[in-house]
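# Observations on the three-dimensional arrangement
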Amino acid sequence: MSRIADEIQRAKNNKIIVPDELNDHDVIRGVYGIFSEKEDESTCLYIGRTYSIADRLFANGGHISMFNSGQYENLVPKMVYENIKKGYHIIIKVLKVVEFKGDNYYRDMQRLAYAEMELIEKYQQAGQCLWQLPEGTWISEEKWNKRYKKEPCPE
């Protein structure tokens, strides 16, 4: 059994629901979401993009492999841990597959980034994933609060 398969099984043992398409170990390039669910309540905790969703989640240093190993310092493993402690189920979803077109390297990378941005925006408009920062964020939260904060964001 591969390391990724082992980590997927550990995740399932930790009551994390993993979509079947990640079990095939096929490389799925696209956008994934990590959701917290309890009864009829579902909240998107995190949205990410990657060239291989299974690797990003379950390879060494991946979000879920870190959680499986009890490493809760980083944002995603910490959110997973805190929500499981509160009795929520964690569900991983492949939100959008973004195939390589092979026409231009930069365009291919942009298509993946754009797909992620669209989904983050959708969930942030619904009051979810509000703690998620885009790449290239150079101003600290403290400096932003001092210079720009006007009113709290509705949650």
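The text that follows walks through the structure, step by step, so that each part is easy to find. Only a predicted model underlies this, so the values are computations on that prediction, with no experimental measurement involved.

## Quick look at helix H5 (residues 105-125)
Think of an α-helix as 3.6 residues a turn; residues three or four steps apart then line up on the same face. Its 21 residues place the ends of H5 31 Å apart at the C-alpha level, agreeing with the 30 Å of an ideal helix rising 1.5 Å per residue. Turning to H5, its buried residues number three or more, namely Asp 108, Arg 111, Leu 112, Ala 115, Glu 116, Leu 119, Ile 120 and Tyr 123. The buried residues of H5 occupy an angular sector of 160° when the element is viewed end-on, so they sit on one face. Exposed side chains of H5 directed beyond 90 degrees from the buried face belong to Tyr 106 and Gln 125. Sitting at the amino-terminal end of H5 is Asn 104, which places a side-chain oxygen 2.9 Å from the backbone nitrogen of Tyr 106. Positive phi shows up at Gly 127, right after H5, with a value of about 85°.

## A few points about helix H4 (residues 75-85)
The complete set of buried residues in H4 reads Val 76, Pro 77, Met 79, Val 80 and Asn 83. Looking down the long axis of H4, one finds its buried residues gathered within 160° of arc, a one-sided arrangement. Lining the buried residues of H4 we find strand S1 (16-17), strand S2 (30-38), strand S3 (41-50), helix H3 (63-68) and strand S4 (89-97). Positive phi shows up at Gly 87, right after H4, with a value of about 90°.

Cut-offs applied
- Residues numbered from 1 in each chain as written.
- Predicted model: local features only at pLDDT ≥ 70, side-chain atom pairs only at ≥ 80, totals over all residues.
- Heavy atoms only, no water.
- Helix = DSSP H or I, 4+ residues; strand = E, 2+ residues; numbered from the N terminus.
- Expected span 1.5 Å × (residues − 1).
- Buried < 20%, exposed > 50% of the residue type's maximum accessible area, 1.4 Å probe, protein only.
- Arc of directions from axis to C-beta.
- Polar contact = N/O pair within 3.5 Å; in protein donor to acceptor, adjacent residues only side chain to side chain.
- Contact = heavy atoms within 4.5 Å.

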